[in-house]
Amino acid sequence: MAKSSVRYDVSSMSLAAGGKKRILWADNDMPVLRLVRERFAKQKPLRGLKMSCCLHITAETANLARALKAGGAKVLLCASNPLSTQDDVAASLVKDFGISVYARRGEDRKTFYKHINAAIDVGPQVTMDDGADLVHQLHTKRKAEAGNIIASMEETTTGVIRLRAMEAKGLLRFPVIAVNDAATKQLFDNRYGTGQSTIDGIIRATDVLLAGQQVVVAGYGWCGRGVSTRARGMGANVTITEVDPLRALQAPMDGFRVCTMADAARISGVFVPVTGDKHVIRREDMARMKDGAVVCNSGHFDVEIDIPALHRMAKKVNKDIRANVDEYVLGNGRRIFLLAQGRLVNLAAAEGHPASVMDMSFATQALAGEFACKRGCKLDNVVHRVPEQIEQWVARLKLRSMAVRIDKLTKEQQLYLASSGEGT
Ligand SMILES: NC(=O)c1ccc[n+]([C@@H]2O[C@H](COP(=O)([O-])OP(=O)(O)OC[C@H]3O[C@@H](n4cnc5c(N)ncnc54)[C@H](O)[C@@H]3O)[C@@H](O)[C@H]2O)c1
């Protein structure tokens, strides 16, 4: 559907008023992105560019889209996950901000790809992805359109892993900037954002008391550290599972118990894989779990739990016994509660990351887009890092917005740090 030049397929335009309130509320906590928007509005660095962005359609993403539009881009958004769309935000983006949106919460796989194809149909020169589904489509089913792409930005770890695999095989047809790998993104969004919002999603879905609860977190990467630290902060007994010895070694030194998933499964309680890997919780693990185990996922794709195996093990599935909770009654009589169909629990059962942390991720995202599209900026068809100046700028502005002042190197210190002369 199109309203003037704005195209859309959203759940209901009648939800727009509520969505607008959410977008403006989030904007209060996004001072760095707001500065980017204000400068973009004056300088129009993205003038005339068509940008298609496959992202979680949340209030924070809406503010990113506003900044890109202020910069002169013609922006289209489609969903990067079938369950993460905030339908009211999608409607408001169309109605109040004149931004094209193709996203409906709960869309099936066919609609999900129909929307991605709609984002490609408009002939974008720049893309943004959260999980690399749009870029993957441009390298498989829509190869003809890949030639128009100047650059793409990738928001999450799983997307960067997919893109590096494409680069290694020499398949990448345009440059990509790994926004996920910027310190201003990974150290804060993945850790504190995923940490808080995953706990939020589990609590909203189940109303579980975390104090005294057993929580098993699979993966002690940036996200895993965030989830486990936040769970412990609320009084849970946290166990970590890992496959990387260096990551695994950090967990006991941070005070967590570490064991295999086979052993952790017997502990039971709440299970949260956040690894970016497949079938981290398998059939044999679920067979060991005690009655009432809660299983959810905060990794990018819904493959971390072997859900097909859970289906096969179940003699009965009671859907939606509570919002975002399905009850699987196993052959052994025990019940497993699966949250949000195994999709990102923080976005499906809660609101995703708080705006304050997305402020840094999306300011970095917008500035990386500006950098990649600068006239004369010729990037190779590989995965690039975000330029250091962008990270420094975002970090300084964020500190300023928090009224935190830091010291400056003196001349003497600069010289000392740059020399090898002084020793014992
Ligand atoms: N929920 C969200 O909103 C959100 C936000 C950011 C990232 N993510 C996603 O979360 C996932 C993790 O991201 P990250 O930045 O923490 O990645 P990371 O690479 O820092 O950490 C992943 C960790 O998982 C471990 N791991 C891999 N396979 C494992 C297995 N079978 N068992 C136990 N541990 C295993 C790895 O060794 C690594 O330490 C990715 O899919 C990423 O896209 C989700």
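Look above for the structure.
Residues numbered from 1 in each chain as written. Predicted model: local features only at pLDDT ≥ 70, side-chain atom pairs only at ≥ 80, totals over all residues. Heavy atoms only, no water.

Trainee: Describe in detail the overall build of the protein, supporting the description with residues and values.
Mentor: Across its full length, the protein holds 18 helices and 17 strands. Relative to the compact-globule value of 22 Å for 424 residues, the protein shows a C-alpha radius of gyration of 22 Å, a close match. Looking at the protein as a whole, 54% of its 424 residues are labelled buried. A separation of at least 24 residues holds for 71% of the contacts in the protein among residues at least 6 apart in sequence. Here the protein displays about 19,100 Å² of accessible surface, and carbon together with sulfur accounts for 51% of that area. Measuring between centres, the 60 positive side-chain charges of the protein sit 4 Å from its 45 negative side-chain charges. (Helix = DSSP H or I, 4+ residues; strand = E, 2+ residues; numbered from the N terminus. Rg over C-alpha atoms; globule rule 2.2 N^0.38 Å. Buried < 20%, exposed > 50% of the residue type's maximum accessible area, 1.4 Å probe, protein only. Contact = heavy atoms within 4.5 Å. Areas by Shrake-Rupley, 256 points an atom, 1.4 Å probe, with all protein chains shown as cover. Lys, Arg positive; Asp, Glu negative; His and termini not counted. Charge placed at Lys NZ, Arg CZ, Asp CG, Glu CD.)

Trainee: Report on the sheet that holds strand S9 (residues 214-218), specifying residues and quantitative values.
Mentor: Taken in spatial order, the 8 strands make up an open sheet running S11-S10-S9-S12-S13-S16-S15-S14, and their pairing is mixed. The sheet terminates laterally at strand S11 (257-258) and strand S14 (314-322), the two strands that pair on one side only. Bridge count for strand S12 (residues 270-273) against strand S13 (residues 293-295) is 2 bridges, and the pairing is parallel. When the bridges of S13 are listed, Phe271 appears paired with Val295. (Pairing = 2+ DSSP bridges.)

Trainee: Describe the nonpolar core, and please don't skip the residues or the numbers.
Mentor: Core analysis: the biggest nonpolar cluster contains 57 residues, and Leu68, Leu77, Leu93 and Val101 have the highest contact counts within it. Per-element tally for this core: the top contributor is helix H16 (residues 355-373), with 11 residues. Setting aside residues no more than four positions away along its own chain, Leu77 makes contact with Cys53, Ile57, Thr61, Ala65, Leu93, Ile99, Ser100, Val101 and Tyr102. (Core = buried A, V, L, I, M, F, W, Y, C linked by side-chain atoms within 4.5 Å.)

Trainee: Just give me the short version of the environment of Arg343, but keep the residues and values in it.
Mentor: With respect to the helices and strands, Arg343 occurs in the loop between strand S16 (335-339) and helix H15 (345-348). Leaving out residues up to four positions away in the same chain, Arg343 has contacts with Asn81, Pro82, Leu83, Asn297 and Asp302.

Trainee: Outline the site of the ligand, listing residues and values.
Mentor: Around the ligand sit 26 residues in total, of which Thr156, Thr157, Thr158, Glu242 and Asn346 are the nearest. Note that an oxygen atom of the ligand is positioned 3.2 Å from one of the backbone N or O atoms of Trp222. At 2.8 Å, a backbone N or O of Ser298 approaches a nitrogen atom of the ligand. Here the ligand has 870 Å² of accessible area as a free molecule, and 88% of this is covered by the chains. Put simply, the parts of the chain that give the shell around the ligand at least two residues each are helix H8 (157-168), helix H9 (183-206), helix H10 (222-233) and H15. (Near = heavy atom within 4 Å. Polar contact = N/O pair within 3.5 Å; in protein donor to acceptor, adjacent residues only side chain to side chain.)

Trainee: Describe unusual backbone geometry, and please don't skip the residues or the numbers.
Mentor: Backbone geometry follows two general trends: most residues other than glycine have a negative phi, and most peptide bonds adopt the trans configuration. Look at Gln341: it is not a glycine, yet its phi comes out positive at around 55°. Residue placement: Gln341 occurs in the loop between S16 and H15. For Gln341, a relative accessible area of 43% puts it in the partly exposed group. Unlike most non-glycine residues, Ala403 shows phi in positive territory, near 60°. Note that Ala403 resides in the loop between helix H17 (388-401) and helix H18 (411-418). Judged by relative accessible area, Ala403 falls into the exposed class, the value being 66%.

Trainee: So what's going on with the side chain of Asp133? Residues and values would help.
Mentor: The residue Asp133 is located in helix H6 (residues 133-139) in this model. Setting aside its immediate chain neighbours within four residues, Asp133 contacts Phe112, Tyr113, Ile116, Arg162 and Phe301.

Trainee: I'd like to hear about the side chain of Asp27, residue by residue, with values.
Mentor: Mapped onto the secondary structure, Asp27 falls in helix H1 (residues 16-28). With residues near it in sequence (within four places) discarded, Asp27 still touches Arg34, Arg37, Asn63 and Arg66.

Trainee: Lay out the packing of helix H2 (residues 31-43) against helix H3 (residues 59-70) with the relevant residues and their values.
Mentor: One way to put it is that H2 packs onto H3 with a least axis distance of 7 Å and a crossing angle of 20°. What the angle tells us is that H2 and H3 run roughly parallel. Seen along the crossing, H2 lies across H3 with a hand that is left-handed. Taking contact as the criterion, the partners of Leu33, Arg37, Phe40 and Ala41 in H2 are, on H3, Asn63, Leu64, Arg66, Ala67 and Ala70. The class makeup of the residues in the contact of H2 with H3 is 6 nonpolar, 1 polar and 2 charged. (Axes fitted to C-alpha atoms, helices over the stretch in contact; angles between N-to-C directions. Parallel < 35°, antiparallel > 145°, perpendicular 65-115°, else oblique. Left-handed = near helix turned anticlockwise from the far one by under 90°. Nonpolar A, V, L, I, M, F, W, Y, C, P; charged D, E, K, R; others polar.)

Trainee: Tell me what's going on with the pairing of S14, and back it up with residues and numbers.
Mentor: Inspection of the sheet shows S14 paired to strand S15 (residues 325-330) by 5 bridges, in the antiparallel sense. Bridge assignment links Ala314 to a residue of S15, and that residue is Leu330. As consecutive antiparallel partners, S14 and S15 are separated by 2 residues, and within that stretch Asn324 has a phi angle of approximately 70°, a positive value.

Trainee: Outline the layout of surface pockets, supporting the account with residue identities and numerical values.
Mentor: In this structure, the second largest pocket occupies an estimated 580 Å³ of space. For the second largest pocket, the lining is made up of 26 residues, of which Arg109, Tyr113, Asp133, Phe301 and Asp302 are closest to its centre. Mapped onto the lining of the second largest pocket, the elements with two or more residues apiece are helix H5 (109-121), H6 and H8. Residue classes in the lining of the second largest pocket are distributed as 6 nonpolar, 10 polar and 10 charged. (1 Å grid on protein atoms, 1.4 Å probe; cavity = no way out; pocket = protein on both sides within 12 Å on 5 of 7 lines; lining within 4 Å. Points joined across faces, edges and corners; volume = space filled by probe spheres on them.)

Trainee: Could you give an account of a nonpolar patch on the surface, with specific residues and numbers?
Mentor: Residues Leu246, Leu249 and Met253 make up a contiguous nonpolar surface patch of about 370 Å² in total accessible area. The exposure class of Met253 is exposed, given its relative accessible area of 68%. (Patch = residues over 30% accessible without salt bridge, like charges linked within 9 Å, V, L, I, M, F, W, Y side chains within 5 Å. Salt bridge = Lys/Arg side-chain N within 4 Å of Asp/Glu carboxyl O.)

Trainee: Before we move on, can you summarise empty space enclosed by the protein with the specific residues and values?
Mentor: Applying the stated criterion across every chain, the model contains 1 cavity of 30 Å³ or more. Surrounding the largest cavity, Ile199, Ile202, Leu210, Val215 and Val272 form its lining. Tallied by class, residues from the lining of the largest cavity come to 5 nonpolar, no polar and no charged.

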